[in-house]
Amino acid sequence: MNNLFNVKGKTAIITGASSGLGKHFAKTLSKAGANLIICARRMQNLEDLKKELEGEVHVLPLDVASEESVLNFFSEVQNLIGSADILINNAGTSDPKKFKDLDEESWKYVLETNLNGCYRVAKNFTDALLREKKPGSIINIASILGLRVGLNLTSYATAKAGLVQLTKSMALELARSNIRVNAIAPGYILTEINEDFFATEEGQSYIKNIPMNRLGLESDLDGILLLLCSDASSFMTGSIIPVDGGHLINPL
Ligand code: NDP
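None of the values given here were measured: they were computed from a predicted structure.

Draft legend 1. The pairing of strand E5 (residues 136–141), seen in detail. Most of E5 is tucked away: 6 of the 6 residues are buried. Residues Gly-136, Ile-138 and Asn-140 of E5 are buried on one face, and the alternating residues Ser-137, Ile-139 and Ile-141, pointing to the opposite face, are buried as well. Bridge count between strand E4 (residues 86–89) and E5: 4 bridges; the pairing is parallel. Each bridged residue has a counterpart across the sheet, and for Asn-89 the counterpart in E5 is Asn-140. The parallel pair E4 and E5 is bridged by helix H4 (residues 104–132), and the resulting crossover is right-handed.

Structure follows, in structure tokens:
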């Protein structure tokens, strides 16, 4: 039973590892014995993170919004290790705006990163596994906003809802190739990006909508991450798993 959540010796690609959740996922998987390929645009952040990690760690540049960058990234991965076993498809962004204030540029920026970028990375990762006839696990980082809506987040919620459907569609097709595709839908997790907002009166009153009456901590995602990365979830695919302190079930 102790080995149920074992990821020792597996190699995971983590996109958007230069800050926030991606950085935390890297630390968690490294402590659990996985080898890592950490990637993002801010290379110095990745180099700094590498110093904190154990095991084999490769640092590579990746801009998920650029097809060329994604192709270059996967050809580097191929040269380094062939193919990885796990993909944490985490890179994401947002540009909160009222719907009436949205413009083409803002809409495309969010969709390009959060949906097209995730598709591009997942497609190249899958192609490599299929080529080598290897099993794998893809973990898309969606959001509770892919399942419900919130004010001023139309482009973000639309992209995350697309990612939820991408997860299920890929899972359906790839199940017989032993490639599992699941998504984590986090609620609001306290990171450096939002800590100032949640310290305000508005932020504090927002937290009252969460049944557990608190924000999530990065460590609240450790269990689900290890579950989906390991053979403990060997019969799970196409699952979208909220980790949100009950936020999705708040009363109407
Ligand atoms: P951060 O802003 O801290 O991290 C986002 C990461 O994505 C950064 O490492 C950034 O790296 C990377 N990134 C952004 N754009 C690109 C790009 N074009 N190419 C490559 N990497 C990119 O936010 P979080 O850690 O909070 O968010 C991580 C994921 O979790 C996102 O998908 C987000 O939507 C999701 N999420 C977060 C929640 C939260 O409460 N924090 C709740 C629900 C979901 P760099 O700039 O160096 O490229």
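Draft legend 2. Structural context of the nonpolar core. Counting residues in each nonpolar core, the largest one holds 32 residues, and the members touching the most others are Leu-29, Leu-36, Ile-38 and Ile-88. At 6 residues, the largest contribution of residues to this core is made by helix H8 (residues 222–229). Grouped together as the second largest cluster of nonpolar side chains are 31 residues, Phe-73, Val-121, Phe-125 and Val-164 included.

Draft legend 3. Representation of the packing of aromatic side chains in the model. Applying the stated criterion across every chain yields a total of 5 aromatic pairs. Ring geometry for Phe-197 against Phe-198: centres 5.0 Å apart, planes inclined by 65°, an arrangement best described as edge-to-face. In this structure Phe-197 comes out as partly exposed when scored by relative accessible area, which is 34%. Classification of Phe-198 by relative accessible area gives buried; the value is 4%. Taking 6.3 Å as the distance between ring centres and 50° as the angle between the ring planes, the aromatic pair formed by Phe-198 and Tyr-206 counts as tilted. Note on Tyr-206: relative accessible area 27%, which makes it partly exposed. Three or more aromatic residues link up through ring pairs in this structure, and these residues are Tyr-188, Phe-197, Phe-198 and Tyr-206.

Draft legend 4. Region of the structure containing the site of the ligand. Taken together, 29 residues lie around the ligand, and Ser-18, Leu-21, Arg-41, Asn-90 and Tyr-156 are the ones closest in. One of the side-chain nitrogen or oxygen atoms of Arg-41 is found 2.7 Å away from an oxygen atom of the ligand. Those elements giving two or more residues to the shell around the ligand turn out to be helix H1 (20–31) and helix H5 (154–174). Looking at side-chain class alone, the shell around the ligand contains 14 nonpolar, 11 polar and 4 charged residues.

Draft legend 5. Structural view of the pattern of salt bridges. Overall, the coordinates contain 10 salt bridges when judged by the stated rule. Residue Lys-27 is joined to Glu-52 by a salt bridge in which the shortest nitrogen-to-oxygen separation is 3.3 Å. With a gap of 25 residues between them, Lys-27 in helix H1 and Glu-52 in helix H2 (residues 43–52) connect regions that are remote in the sequence. By relative accessible area, Lys-27 is classed as partly exposed at 26%. Between Arg-214 and Asp-220 there is a salt bridge; the shortest N-O distance is 2.8 Å.

Reading the values: rules and limits
Residues numbered from 1 in each chain as written. Predicted model: local features only at pLDDT ≥ 70, side-chain atom pairs only at ≥ 80, totals over all residues. Heavy atoms only, no water. Buried < 20%, exposed > 50% of the residue type's maximum accessible area, 1.4 Å probe, protein only. Helix = DSSP H or I, 4+ residues; strand = E, 2+ residues; numbered from the N terminus. Pairing = 2+ DSSP bridges. Right-handed = clockwise from strand over helix to strand, strands pointing away. Core = buried A, V, L, I, M, F, W, Y, C linked by side-chain atoms within 4.5 Å. Phe/Tyr/Trp six-rings, centres within 6.5 Å; stacked < 30°, edge-to-face > 60°. Near = heavy atom within 4 Å. Polar contact = N/O pair within 3.5 Å; in protein donor to acceptor, adjacent residues only side chain to side chain. Nonpolar A, V, L, I, M, F, W, Y, C, P; charged D, E, K, R; others polar. Salt bridge = Lys/Arg side-chain N within 4 Å of Asp/Glu carboxyl O.

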